[in-house]
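Letter by letter, the chains look like this.
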Amino acid sequence: MVHRTITIHEAPRTSTEAASPADGEPTAEVLHLRAEVEQLSRALESRAVIDQAQGMVMALAPCSGARAWDLLVDVSQHRNVKLRDVAAALVSSAEGEALPDALQRALRHAFRRLHTAEGR
């Protein structure tokens, strides 16, 4: 009779298994997902401010939502300022903060272009 001894070794882990949350080290996937969640959270916050600014433009112009969006994008591009920053400045101006002069001029010109395009 022949006896064999079988030794069980832990199989080497693959790179995706190398550091699991159970080991106290987050995986690359977990880190990626955390970064994505943070980015999406910031986008949602920005989107709310942009939507408020769009509503303000619609009330001030008056114009459609698409026209208000185009106006904000136009100001953003002409002033080389991020759209969320243009929107935040406009919303803040409704809360009593002064609108920066350059942005104020850009908005004024954008409103004129909008009225001219619509034949007002």
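First things first, this report covers the structure right here in the doc. (Residues numbered from 1 in each chain as written. Predicted model: local features only at pLDDT ≥ 70, side-chain atom pairs only at ≥ 80, totals over all residues. Heavy atoms only, no water.)

1. Describing the packing of helix 2 (residues 65-79) against helix 3 (residues 83-94)
Direction vectors running N to C along helix 2 and helix 3 enclose 110°, while the axes themselves pass 9 Å from each other. Considering their axes alone, helix 2 and helix 3 lie roughly perpendicular with respect to each other. On the side of helix 2, the interface is formed by W69, L72, V73, V75 and S76, while helix 3 contributes L83, V86 and L90. Tallied by class, the residues present in the contact of helix 2 with helix 3 amount to seven nonpolar, one polar and no charged. (Axes fitted to C-alpha atoms, helices over the stretch in contact; angles between N-to-C directions. Helix = DSSP H or I, 4+ residues; strand = E, 2+ residues; numbered from the N terminus. Parallel < 35°, antiparallel > 145°, perpendicular 65-115°, else oblique. Contact = heavy atoms within 4.5 Å. Nonpolar A, V, L, I, M, F, W, Y, C, P; charged D, E, K, R; others polar.)

2. Description of the nonpolar core
Grouped together as the largest cluster of nonpolar side chains are 22 residues, with contacts concentrated most on V57, L71, L72, V75 and L107. When residues of this core are traced back to their parent elements, those giving at least two are helix 1 (28-60), helix 2, helix 3 and helix 4 (101-117). Ignoring any residue separated from it by four or fewer positions in sequence, one finds V57 in contact with C63, A68, L71, L72, L90 and F111. (Core = buried A, V, L, I, M, F, W, Y, C linked by side-chain atoms within 4.5 Å. Buried < 20%, exposed > 50% of the residue type's maximum accessible area, 1.4 Å probe, protein only.)

3. With respect to unusual backbone geometry
Backbone geometry at N80 places phi at a positive 55°, although glycine is not the residue there. By the element assignment, N80 lies in the loop between helix 2 and helix 3.

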